[in-house]
Amino acid sequence: MERMWVLEASMKYPKQWLVAVNTSWEPDNKVMGDIFLVTPSKDEAYDKAMALQNGGEMGDIMVMEGYDDTPQIGSFAICSQ
């Protein structure tokens, strides 16, 4: 496990699902947590989070998708002139 800012972890692992345990809000409105699992599967991440939550030993748990900066193709564009 690596303790880091959750937003920083989402930038470090793009297009992956993160499970962070022992999360806490810091005074500057950032979430700090231990990165427990990094996986490409959303279902695996949520299953692991539920199992950890039911175990009750890991504190607050958060699941987050890694930041994806891939441009979206085929979306609508609204232009005003």
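Residues numbered from 1 in each chain as written. Predicted model: local features only at pLDDT ≥ 70, side-chain atom pairs only at ≥ 80, totals over all residues. Heavy atoms only, no water.

Visitor: Tell me about the environment of Tyr67, and please be specific about residues and values.
Guide: With respect to the element layout, Tyr67 can be found in the segment after strand E4 (62–65). As for Tyr67 and Leu7, which are separated by 60 residues in sequence, their C-alpha atoms are 8.6 Å apart. Apart from the residues within four sequence positions on either side, Tyr67 is in contact with Ser10, Met11, Pro14 and Lys15. (Helix = DSSP H or I, 4+ residues; strand = E, 2+ residues; numbered from the N terminus. Contact = heavy atoms within 4.5 Å.)

Visitor: For helix H2 (residues 42–55), give the residues involved together with the corresponding values.
Guide: Each α-helix winds once per 3.6 residues, and so residues spaced three or four apart point in a common direction. Under the 1.5 Å per step criterion, the end-to-end length of H2 is 20 Å for 14 residues, consistent within 8% with the ideal 20 Å. Along H2, the positions that sit buried rather than exposed are Ala45, Ala49 and Leu52. Seen along its axis, H2 keeps its buried residues to an arc of 65°; they face one direction. In H2, the exposed positions angled more than 90 degrees off the buried face are occupied by Asp43, Asp47, Met50 and Asn54. On its buried face, H2 sits against strand E2 (17–25), strand E3 (31–39) and E4. Phi turns positive one or two residues past the end of H2, at Gly56, with a value near 75°. (Expected span 1.5 Å × (residues − 1). Buried < 20%, exposed > 50% of the residue type's maximum accessible area, 1.4 Å probe, protein only. Arc of directions from axis to C-beta.)

Visitor: Can you break down the pattern of salt bridges residue by residue, with the values?
Guide: Between side chains of opposite charge, a pair can form when the charged atoms approach closely. Under the counting rule described, the total for this entry stands at one salt bridge. For Asp34, the salt bridge goes to Arg3, with nearest N and O atoms at 3.4 Å. Placement of the pair is Asp34 in strand E3 and Arg3 in strand E1 (residues 2–5), with a sequence separation of 31 residues. A relative accessible area of 41% places Arg3 in the partly exposed class. (Salt bridge = Lys/Arg side-chain N within 4 Å of Asp/Glu carboxyl O.)

Visitor: Quick one: what's the story with the sheet that holds E4, residue by residue and with numbers?
Guide: If you trace the four strands from one edge of the open sheet to the other, you get E1-E3-E2-E4, paired in antiparallel fashion. Strands at the two margins of the open sheet, each flanked by one partner only, are E1 and E4. Going across the sheet, the axis of each strand differs from the next one's by a mean of 40°, ignoring polarity. Sheet topology places E1 next to E3; four bridges connect them, and they run antiparallel. Among the inter-strand pairings, Arg3 is bridged to a residue of E3, identified as Asp34. (Pairing = 2+ DSSP bridges. Axes fitted to C-alpha atoms, helices over the stretch in contact; angles between N-to-C directions.)

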